[in-house]
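Report on the structure
Spelled out from the first residue to the last, the chains are:
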Amino acid sequence: MTLSEELLIAYDQQLRTDAETPSAIGVERLGPLRLVTFAGGRGFVTYQDLNGASARTIAQWVVETLAYYRSDPAIVRVEWKTRGHDQAPGLHGALLDNGFEPDETESIMIGPASALNVDVQLPPGVSLRRVTEERDIRAMSAMQDEVFGTDISDGNADAVLRRAALDDGMELWVAEHLGAVVSAGRLEPVPDTEFAGIWGGATRAEWRGLGIYRALTAARARAALTLGKKLIHSDSTEYSRPILERYGLHRVSTTTPYRWRR
C-alpha cells in the first residue's frame with residue numbers, strides 16, 4: 001500500500017464522520033447520507049460511503065434530500081459534497097436533474113503537519129497574526145469575499161463570528177501590510193483524530209508569489225503541531241495545490257461540490 005493510499009484510508013475513516021461538521025446545528029440521516037444544517041440557512045450533504053447503492057437508489061436519495069431541505073423555508077442553499085474515489089453510479093446525473101450545479105473540482109491534499117512547518121521570509125512590512133476580535137474577523141472575511149469573487153457580505157462575516165463564538169478550536173490567521181489584510185486562512189483541528197484542516201486560504205492578487213501564503217500555511221501548521229495534530233488536510237484549488245505538494249502533501253483524491261439554491 002502506498003503512502004497516498006494509507007492517507008486516503010485515514011481520511012475516509014477519521015474525517016468522513018460527525019468530525020466533518022463540528023458546527024452543525026442539526027443532522028438527519030437518510031440511509032448512509034448525513035443531512036446537515038448549519039446556521040445561516042445552509043444545508044450540507046456528506047457521507048462516508050454509499051454502501052454499494054445502485055443508481056436508482058442514489059437517484060431516490062437525491063430527490064428525498066432535496067425535499068427535506070425544501071421543506072424548511074430557512075434553508076436557502078445546499079451543498080452536496082462528492083469525492084472522486086467514491087463508487088456513486090448515476091449521482092452526477094441525478095444531482096443535475098434536481099437543480100444542483102457543480103463547482104470547480106478541487107484536490108484533496110493530505111500530509112504531515114511537520115512538512116509544512118518551514119521558515120519563510122516575508123516581504124518588508126508584512127506580518128502574521130491570529131485574530132479573534134470582531135473588527136479583525138470582519139476585515140478578514142471582506143478580503144476573502146473579494147478574492148473569491150463573491151459579494152462582500154455581512155452575512156458571511158456573521159457566520160464566521162458565530163462559529164468563532166463556539167470556541168471549538170478554530171483559529172483565524174491573517175497576513176497584514178500597513179494594517180490591511182492581504183492574505184488569510186483558518187485552521188480547524190478535528191477532535192479525536194490526527195487531523196487539522198487548513199481552509200479559506202486567500203491572497204490578494206498583487207501580493208501573490210511573494211511567499212505570503214506559504215508563510216501563513218506554515219504558521220497554521222505550527223499551531224496544529226502545538227495542538228498535537230500530526231496530519232494536515234485541505235481541499236485545494238490549482239493555485240494552492242502545487243504549493244502544498246512542494247511541502248510534502250499528497251493529492252489523494254478529488255472533491256467536487258454540487259450546489260443548489262432556492
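Residues numbered from 1 in each chain as written. Predicted model: local features only at pLDDT ≥ 70, side-chain atom pairs only at ≥ 80, totals over all residues. Heavy atoms only, no water.

Looking now at the overall build of the protein chain. Scanning the protein chain from N- to C-terminus turns up 8 helices and 12 strands. Over its C-alpha trace the protein chain gives a radius of gyration of 19 Å, about what one expects of a compact globule, namely 18 Å for 262 residues. By sequence separation, contacts in the protein chain at least 24 residues apart represent 73% of the contacts at least 6 residues apart. Carbon together with sulfur atoms contributes 49% to the accessible area of the protein chain, which is approximately 12,700 Å² in total. Of the charged side chains in the protein chain, 29 are positive and 36 negative, and the gap between their average positions amounts to 1 Å. (Helix = DSSP H or I, 4+ residues; strand = E, 2+ residues; numbered from the N terminus. Rg over C-alpha atoms; globule rule 2.2 N^0.38 Å. Contact = heavy atoms within 4.5 Å. Areas by Shrake-Rupley, 256 points an atom, 1.4 Å probe, with all protein chains shown as cover. Lys, Arg positive; Asp, Glu negative; His and termini not counted. Charge placed at Lys NZ, Arg CZ, Asp CG, Glu CD.)

Quick look at the packing of helix α5 (residues 134–147) against helix α6 (residues 154–165) now. Look at α5 against α6: their axes get within 9 Å of each other, and the N-to-C directions meet at 130°. It follows from the interaxial angle that α5 and α6 lie oblique. Seen from above, α5 lies across α6 with right-handed handedness. Judged by residue contacts, Glu134, Ile137, Arg138, Met140, Ser141 and Asp145 of α5 engage Asp154, Asn156, Ala157, Asp158, Val160, Leu161 and Ala164 from α6. Residue composition of the contact of α5 with α6, by class: 6 nonpolar, 2 polar and 5 charged. (Axes fitted to C-alpha atoms, helices over the stretch in contact; angles between N-to-C directions. Parallel < 35°, antiparallel > 145°, perpendicular 65-115°, else oblique. Left-handed = near helix turned anticlockwise from the far one by under 90°. Nonpolar A, V, L, I, M, F, W, Y, C, P; charged D, E, K, R; others polar.)

A positive phi angle is found at Asp167, which is not glycine, with a value near 50°. Mapped onto the secondary structure, Asp167 falls in the loop between α6 and β8 (171–177). Residues other than glycine seldom take positive phi values, yet Leu178 does so here, at roughly 55°. We classify Leu178 as exposed; its relative accessible area is 77%. (Buried < 20%, exposed > 50% of the residue type's maximum accessible area, 1.4 Å probe, protein only.)

What follows deals with the nonpolar core. Judged by nonpolar contacts, the single largest core of 21 residues is most densely connected at Leu33, Trp80 and Phe100. Secondary structure elements with two or more residues in this core: β2 (33–38), α2 (55–70), β4 (77–83), α3 (91–97) and β12 (250–261). If you tally residues by element for this core, the top one is α2, at 5 residues. If near-sequence neighbours (up to four positions away) are discounted, Trp80 is found in contact with Leu33, Val45, Tyr47, Val62, Thr65, Leu91, Leu95, Phe100, Thr256, Pro257 and Tyr258. Core analysis: the second largest hydrophobic core is formed by 18 residues, Met109, Ala219, Leu244 and Leu249 among them. (Core = buried A, V, L, I, M, F, W, Y, C linked by side-chain atoms within 4.5 Å.)

Bringing α6 into the picture now. Between its first and last C-alpha atoms α6 spans 16 Å; for 12 residues at 1.5 Å apiece the expected length is 16 Å, and the two agree. For α6, the set of buried residues is Ala157, Leu161 and Arg163. When α6 is viewed along its axis, its buried side chains cluster within an angular range of 160° and face the same direction. Those residues of α6 hidden inside the fold are in contact with α5 and β9 (180–189). One or two residues past the end of α6 sits Asp167, with phi positive at roughly 50°. (Expected span 1.5 Å × (residues − 1). Arc of directions from axis to C-beta.)

In this section: the environment of Ala39. Residue placement: Ala39 occurs in the loop between β2 and β3 (42–46). Each C-alpha atom, one on Ala39 and one on Asp158, is 9.8 Å from the other, the two residues being 119 residues apart in sequence. Setting aside chain neighbours within four positions, we find Ala39 in contact with Ile25 and Arg162.

Further remarks concern the pattern of salt bridges. Tallying each qualifying case throughout the model produces 18 salt bridges. The closest approach of N and O atoms between Arg130 and Glu171, which form a salt bridge, is 3.8 Å. With Arg130 in strand β7 (residues 126–131) and Glu171 in strand β8, the pair connects residues that are 41 residues apart, well separated along the chain. Taking the relative accessible area as the measure of exposure, Arg130 reaches 43% and is therefore partly exposed. Overall, the relative accessible area of 8% leaves Glu171 in the buried class. Between Arg163 and Asp168 there is a salt bridge; the shortest N-O distance is 2.6 Å. Overall, Arg163 belongs to the buried group, its relative accessible area being 12%. Through salt bridges with shared partners, one network takes in Arg163, Asp168, Arg186 and Glu188. (Salt bridge = Lys/Arg side-chain N within 4 Å of Asp/Glu carboxyl O.)

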